[in-house]
Amino acid sequence: GYRLHLAAAEELLQCTAAPLPAWLTAALEGGAKSRPSFAGGAGDPAALLRLLVRSGRFADACNLAARVLNCGDGSAAAGEHGAASEAGADQGDGSASVWVPYNDLDRLLLACSEVLPAYDNPDDAGSKGEGLAAARDRLVAALGSHFQELERRRALVRFVRRR
């Protein structure tokens, strides 16, 4: 698996405030040629998400989660990666086989809501709070698109079953 990649990422996050190297992030997300997915396959973006949250890198975690959700839910936000793949295929009950670490995302959103009020202090660096707020908003929008896609798939299955 990706245990060595995660160990390297953890060490770097403990030693520096700099972002993780692009090659390491890409490997943990699933590689440059594949679509990132929480459902498995190449990489382990869920483990990277948890590591970023534990390290207090909430904006990076929000951006990662939004990227993975936008690429994996088949929504218009999927961009260059296109529509849903086999990982997003219907299971017959209207639910997608896309696994999403909702508990981790809940923890991340809670952490953001606890940290953001501290940036309201005029003595704090405003850009840091603005960056986190924008990243959180991207995650919330990606979750909204994800849930809309799941509902669309459920409705399609219900329609097909009625025929």
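Quick caveat, the model's predicted, so the values are computed rather than measured.

**Q** How would you sum up the packing of helix α1 (residues 3–15) against helix α2 (residues 22–29)? Please name residues and give values.
**A** Running from N to C, α1 and α2 cross one another at 135 degrees; their axes reach a closest spacing of 10 Å. Comparing the axis directions of α1 and α2 gives the class oblique. The hand of the α1/α2 crossing is left-handed. From α1, His5, Leu6, Ala8, Ala9 and Leu12 reach across to α2, where they touch Trp23, Leu24, Ala27 and Leu28.

**Q** Could you give an account of the packing of aromatic side chains, naming the residues involved and the relevant values?
**A** The description of an aromatic ring pair uses the distance of the two centres, along with the angle that the planes make with each other. If you walk through the whole model with that rule in mind, you get 1 aromatic pair. A centroid spacing of 5.8 Å and a plane angle of 25 degrees characterise the contact between Tyr102 and Phe147, whose relative ring orientation is stacked. Here Tyr102, found in helix α5 (residues 102–115), pairs with Phe147, found in helix α6 (residues 126–162); they are 45 residues apart in sequence, far enough to count as distant.

**Q** Explain the confidence of the model for the protein chain to me, using residue names and the numbers behind them.
**A** Put simply, the protein chain has an average pLDDT of 80, and 73% of its residues get 70 or more. At the low end of the mean pLDDT range in the protein chain sits α6, at 89; at the high end sits α5, at 96. Confidence over residues 73–97 falls short of pLDDT 50; this stretch has 51 contacts with residues more than four positions distant or in other chains.

**Q** Lay out the nonpolar core with the relevant residues and their values.
**A** Of all hydrophobic cores here, the largest spans 32 residues; its most connected members are Phe38, Leu49, Leu69, Leu105, Leu108 and Leu139. Counting only elements with at least two residues in this core, the list comes to α1, α2, α3 (45–54), α4 (58–72), α5 and α6. Looking at this core, the element that brings in the most residues is α4, giving 8 residues. Every residue in contact with Phe38, bar those within four places of it in the chain, is listed here: Pro45, Ala46, Leu49, Ala65, Val68, Leu69, Trp99, Val100 and Pro101.

Conventions and cut-offs
Residues numbered from 1 in each chain as written. Predicted model: local features only at pLDDT ≥ 70, side-chain atom pairs only at ≥ 80, totals over all residues. Heavy atoms only, no water. Axes fitted to C-alpha atoms, helices over the stretch in contact; angles between N-to-C directions. Helix = DSSP H or I, 4+ residues; strand = E, 2+ residues; numbered from the N terminus. Parallel < 35°, antiparallel > 145°, perpendicular 65-115°, else oblique. Left-handed = near helix turned anticlockwise from the far one by under 90°. Contact = heavy atoms within 4.5 Å. Phe/Tyr/Trp six-rings, centres within 6.5 Å; stacked < 30°, edge-to-face > 60°. pLDDT = per-residue confidence, 0-100. Core = buried A, V, L, I, M, F, W, Y, C linked by side-chain atoms within 4.5 Å. Buried < 20%, exposed > 50% of the residue type's maximum accessible area, 1.4 Å probe, protein only.

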